[in-house]
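Each chain, letter by letter, is given below.
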Amino acid sequence: MSYRTDRRRRQIRTKGRQMVLEHSGIRVPLLAYAPPPTAADIQSGVAQASFVAEILADEVQAAGITPAARMEITDGSKFYTLTDAIPIYDRQTICGWRLIAAGGQ
């Protein structure tokens, strides 16, 4: 892996928090980084903004799942449903995922 993957790992491990990705009864605990809302999100209302979290590929690969729409992610006491999962590449290798979700109940 390159310095980009190392930098991503450091950021997620330093600023990330524990979340759980769930699909078909499989619960995968993972460390995720959810950036704070932008100024545009705050002006338009945070409730309307999508929840975006970045994860490393290690946890989901070890569990044998691929993040996809309609999976659920739990952040503390809030539940979100994924609307999209975008792979993040380091050359040809998937090093992480950007999870985009809606909900927050």
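Refer to the structure printed above.
Keep in mind the model is a prediction, meaning the values are calculated, not measured.

What counts and how
- Residues numbered from 1 in each chain as written.
- Predicted model: local features only at pLDDT ≥ 70, side-chain atom pairs only at ≥ 80, totals over all residues.
- Heavy atoms only, no water.
- Core = buried A, V, L, I, M, F, W, Y, C linked by side-chain atoms within 4.5 Å.
- Buried < 20%, exposed > 50% of the residue type's maximum accessible area, 1.4 Å probe, protein only.
- Helix = DSSP H or I, 4+ residues; strand = E, 2+ residues; numbered from the N terminus.
- Pairing = 2+ DSSP bridges.
- Phe/Tyr/Trp six-rings, centres within 6.5 Å; stacked < 30°, edge-to-face > 60°.
- Axes fitted to C-alpha atoms, helices over the stretch in contact; angles between N-to-C directions.
- Contact = heavy atoms within 4.5 Å.

Asker: Where do I start with the nonpolar core in this structure?
Answerer: Looking at soluble globular proteins, one finds that nonpolar side chains tend to be buried together. With 20 residues, the main nonpolar core has Met19, Leu21, Leu30, Phe51 and Ile73 as its most contacted residues. Mapped onto this core, the elements with two or more residues apiece are strand S1 (17–23), strand S2 (26–33), strand S3 (51–56), helix H3 (57–63), strand S5 (78–90) and strand S6 (93–103).

Asker: Before we go on, may I ask you to explain the pairing of S6 in this structure?
Answerer: Consecutive residues of a regular strand have side chains that alternate between opposite faces of the sheet. Pairing of S3 with S6 involves 6 bridges; the strand directions are antiparallel. Counterpart to Phe51 in the pairing with S6 is Ala101. Two strands pair when backbone bridges link them, and S5 and S6 are joined in this way by 10 bridges, in the antiparallel orientation. Residue pairing for S6: Ile86 is matched across the bridge by Arg98. Where S5 folds back on S6, the antiparallel hairpin that results is connected by 2 residues, among which Arg91 adopts a positive phi of roughly 60 degrees.

Asker: Explain the packing of aromatic side chains to me, please; I cannot follow it from the model alone.
Answerer: Both the distance between ring centres and the angle between the ring planes are used here to describe each pair of aromatic rings. For the structure shown, the criterion picks out 1 aromatic pair. Summarising the aromatic geometry, the rings of Phe51 and Tyr80 are spaced 4.1 Å apart at their centres and angled 10 degrees between planes, so their arrangement reads as stacked. Placement of the pair is Phe51 in strand S3 and Tyr80 in strand S5, with a sequence separation of 29 residues. Assigned by exposure class, Phe51 and Tyr80 land together as buried.

Asker: When you look at the sheet that holds S2 in this model, what are you seeing that I'm missing?
Answerer: Think of a sheet as strands paired side by side through backbone hydrogen bonds, with each pair either parallel or antiparallel. The strand order S1-S2-S3-S6-S5-S4 describes a closed barrel built from 6 strands, whose pairing is antiparallel. The mean angle between the axes of side-by-side strands here comes to 45 degrees, regardless of whether they run parallel or antiparallel. Sheet analysis places S2 next to S3, joined by 2 bridges and oriented antiparallel. Across the sheet, the residue bridging to Tyr33 is Glu54, located in S3. Packing against the sheet, helix H1 (residues 3–15) makes contact with S1, S2, S3, S5 and S6, and its axis sits at approximately 120 degrees to S3.

So, to be careful, I would describe these as geometric facts and stop short of saying anything about function.
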